[in-house]
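Examination of the molecular architecture
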Amino acid sequence: MTAVLVIVAVCTLAAAAVAFALRPLVHSALCLVLAWAGVAAFYLWAGAEFLAFAQVLVYVGAISMVVLFAVLLTRRQSGEGDSRVAGAARRVAAGLAVAALVAGVLGRAVLAVPPASAPVAPPTLGVRQLGGELADGHAAALLAAGALLTVALIGAVVLAAGDAGRHGEDPP
Amino acid sequence: MSALTLCLLFSSALFAVGLAGALCRGNAILVLLGIELMLNAANLNFIAFWRYGPPGAGATGPVFVLFAIAVAAAEAAVGLALVIAVYRHQRNIRLAEAVRLKG
Amino acid sequence: MTPALPAESWLERVPLTVRDLVTGLFPAPWRWLAGSVLAILAVVLGFGLLFTLLTLVERKALGRMQNRPGPNRTGPFGLLQPIADGIKLLVKEDIVPFAADRPLHFLAPVVLVAFTLLTFAVIPYGRHLLPVDLDAAVLFFFAAGAATELAVFMAGWSSHNKYSLLAAMRALAQLISYELPLLLAVVPEVMRAGSLSTAAIVAAQGRWTLGILPHWSVATPGGAAAFLIFMTAALAESNRSPFDLPEAESELIAGHLTEYSGFKYALFFLAEYLGMTALCAMAVTLFLGGWQAPCVFLQFVPSYVWFFLKLAALLALLIWIRGTLPRLRLDQLMRLSWKFLVPLALINLGTVAFWQLSAGWEPLPARAARWAVALLLVLGPFVALGQRLGAGVGPRRYRYAPA
């Protein structure tokens, strides 16, 4: 079982690392989509099937579309990706150092905890049970999440439309 | 090294990769993608603890992750709309140039 | 081994007997793998055959609707036409533009066909013929369908052709606009059955009133409205006329498929027909009772025959629609989705919720009132929204033609 986990982890990390190292933005976005699919594979391995399908539906099916549209709508006429500006190498080095520091601290914290004593039976997550918990215990949060998504949708539309003058609607 | 430790190391590494991406690249969209990756890493943590945690915790881990996915989706949409709005002003999306408060 | 039910005929058990025969040839630890591979082969070969038959039937039917015979030269009644088409597409030269992104250009049709084939895994083709019994089967189906949109973008982007890219963005806009009514039309069915599992949804429709009226979802007002919304959205999701703007020849040549030739084009074609078939199969499962027979005494006919009869009827309906309705323009298409289908689907949620909550209204006047309220909730918004959207469309007045 852990062999599968290691393979999924390595593939996801590799895809994520490559995504941030590539120059063309579209390739970066598509590599990151692979990383999100890897995360969905992890959810499948852990037994949370509903979450895996939700992850694919939301991230690979929807957020990737928004990202790709934004990439296409904000292209510079000459070339793409970021061109090297002065001080970029220093910024990259500083960023990598901070990330390595955070990784070190987190790794130390994880490895300092002694592993659990007995193997735990894998929990099963039925869709009915998940729905029951959502509606029973977290109904307020569910409604708030719905309101948040609606507000975000309207806000994103307003922001992206900007104050461009609206021509009259085309005749049906 | 138990499977739980492996899962936690995986999510820490993913978080670090997302952080590196958000800090190193000067492109607004890539910074947003780095933040999305960090959110995903945190979700991995939730599921790892749900899988290997104490029995009888119900579906708390997956419920958290569901809400986190929803919030991340909303944040990605609004963030990318902001990027488009910034692009309208300065014709590129280099974060280093978005330093003026009034465009 | 699933036990035989009393109303089952021996024909029903034939696929299971075949499967047990074949997997019995393998050692015990590998039987599950052999069973899975057998199911995959059966689905891929079966639906591949259906695809070839469907292309021929569509061309003949469209031909007859347009007062011409359709293909009739290759073989009797043109039956060898799909083989001729396959040979032609296989031997055609595979041209990739010089500046195109080669890996993405290659991956786009592969990803599309792969995810479209994935969606066939959760559809119950017969009483015992469900390839994978997932708890969240409906979500899996739509997640795999959503992932196919990425392939459309990859195709348009990798061609390095600004018209392909533009067409890909228009195709994506159409796909994401119609995903919302598609999913919203499915939610009432999940509510009705109380489960996301396709097997449970089909089982929940397995009752008959007086032995001849089936309790399929489409026989209720909310279910019929949801069925119509689902079929409209399915037409748009599979790029079928009247929503075939992305691939119409008069629109940017072939849209995002302009730079594809030979076998890759055949793969896109295959993916479109497979997607159409998968959506029709899901519609049969959700709304038309899946493999359930229409009447109690007709249950001697095997369940997979009923499934394929219903699937054939829906596919014939789609072909009929293609031959009849004119193509919609992009803004008309999007307006139909956002301003008509989405509000209708949302109101339909309320209608089905009312239907479920009033299931216990027993005496006949209460039943009649329930039907009346449900019909009002379905037809009222439909008429009101239709009037609002179609307002201002009058007889066309031509500027330069004599009145």
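Note that the structure is a prediction, hence the values are computed from the model and not measured.

Cut-offs used in this document
- Residues numbered from 1 in each chain as written.
- Chains lettered and ligands numbered in written order.
- Predicted model: local features only at pLDDT ≥ 70, side-chain atom pairs only at ≥ 80, totals over all residues.
- Helix = DSSP H or I, 4+ residues; strand = E, 2+ residues; numbered from the N terminus.
- Rg over C-alpha atoms; globule rule 2.2 N^0.38 Å.
- Contact = placed C-beta atoms within 7 Å.
- Buried ≥ 20, exposed ≤ 12 C-beta atoms within 10 Å, placed from the backbone.
- Axes fitted to C-alpha atoms, helices over the stretch in contact; angles between N-to-C directions.
- Parallel < 35°, antiparallel > 145°, perpendicular 65-115°, else oblique.
- Nonpolar A, V, L, I, M, F, W, Y, C, P; charged D, E, K, R; others polar.
- Expected span 1.5 Å × (residues − 1).
- Left-handed = near helix turned anticlockwise from the far one by under 90°.
- Domains from an automatic or database assignment.

Across its full length, chain C holds 12 helices and 2 strands. Taken over C-alpha atoms, the radius of gyration comes to 23 Å for chain C, in line with the 22 Å a tight globule of 403 residues would show. Seen through its C-alpha atoms, chain C measures out along the principal axes to roughly 70 × 65 × 40 Å. The contacts of chain C with a sequence gap of at least 6 include a subset with a gap of at least 24, amounting to 76%.

It is worth spelling out the overall build of chain B at this point. Across its full length, chain B holds 3 helices and 0 strands. Secondary structure elements of chain B occur, N-terminal to C-terminal, as α-α-α. Computed over C-alpha atoms, the radius of gyration of chain B comes to 17 Å, more than 25% over the 13 Å expected from 2.2 N^0.38 for 103 residues, which places it beyond the range of a compact globule. Along the first, second and third principal axes, the C-alpha set of chain B runs to 55 × 25 × 15 Å. Buried positions account for 57% of the 103 residues belonging to chain B.

Residue and element names in this part refer to chain A. One way to put it is that helix α2 (residues 25-46) packs onto helix α3 (residues 49-73) with a least axis distance of 8 Å and a crossing angle of 170 degrees. Compared by their axis directions, α2 and α3 come out roughly antiparallel. Contacts from L25, V26, A29, V33, W36, A37, V39, A40, Y43 and L44 in α2 reach E49, L51, A52, Q55, V56, Y59, V60, S64, V67, L68 and V71 in α3. Of the residues in the contact of α2 with α3, the class split is 18 nonpolar, 2 polar and 1 charged.

Turning next to the interface of chain B and chain A. Facing 62 residues of chain B, the contacting portion of chain A comprises 72 residues. The set of elements that each furnish at least two residues to the side of chain B that touches chain A consists of α1 (3-24), α2 (28-52) and α3 (60-90) of chain B. Residue contributions to the side of chain B that touches chain A peak at 21 residues, all from α3(B). Residues that form the side of chain B that touches chain A fall into these classes: 48 nonpolar, 10 polar and 4 charged.

Note: α-helices contain 3.6 residues per turn, so residues at a spacing of three or four share the same orientation. Residue and element names in this part refer to chain A. Between its first and last C-alpha atoms helix α6 (residues 139-161) spans 33 Å; for 23 residues at 1.5 Å apiece the expected length is 33 Å, and the two agree. Little of α6 sits inside the fold, with 2 of its 23 residues counted as buried. G162 sits one or two residues past α6 and shows a positive phi near 65 degrees.

Residue and element names in this part refer to chain C. One non-glycine residue, N67, lies in the positive phi region at around 65 degrees. Looking at the secondary structure, you find N67 in the loop between α2 (31-65) and α3 (81-91). Backbone geometry places F77, a non-glycine residue, at a positive phi of 55 degrees. Its location among the elements puts F77 in the loop between α2 and α3. Looking at F77, the number of C-beta atoms within 10 Å reads 13, which means it is partly exposed.

Each partner contributes to the interface: chain C provides 21 residues, whereas chain A provides 20 residues. Every element with two or more residues in the side of chain C that touches chain A is listed here: α5 (137-158), α6 (162-193) and α11 (330-357) of chain C. By residue number, the principal contributor to the side of chain C that touches chain A is α5(C), which donates 10 residues. Split by residue class, the side of chain C that touches chain A holds 16 nonpolar, 2 polar and 3 charged.

All names here are of chain C. Following both chains from N to C, one finds helix α4 (residues 102-118) and α5 inclined at 165 degrees, their axes separated by 8 Å at the closest point. Between α4 and α5, the angle is such that the two are roughly antiparallel. Considering only the axes of α4 and α5, their crossing is left-handed. The residues of α5 that touch α4, namely those facing L104, H105, L107, A108, V111, L112, F115, T116 and L118, are A144, A147, T148, L150, A151, M154, A155, W157 and S158. Residues belonging to the contact of α4 with α5 are distributed by class as follows: 14 nonpolar, 4 polar and no charged.

Residue and element names in this part refer to chain C. Along its sequence, chain C is organised into domain 1 (33-79) and domain 2 (92-333). A C-alpha centroid distance of 17 Å is found between domain 1 and domain 2. Taken together, the contacts link 13 residues of domain 1 with 11 residues of domain 2. Residues of the side of domain 1 that touches domain 2, tallied by class, amount to 10 nonpolar, 2 polar and 1 charged.

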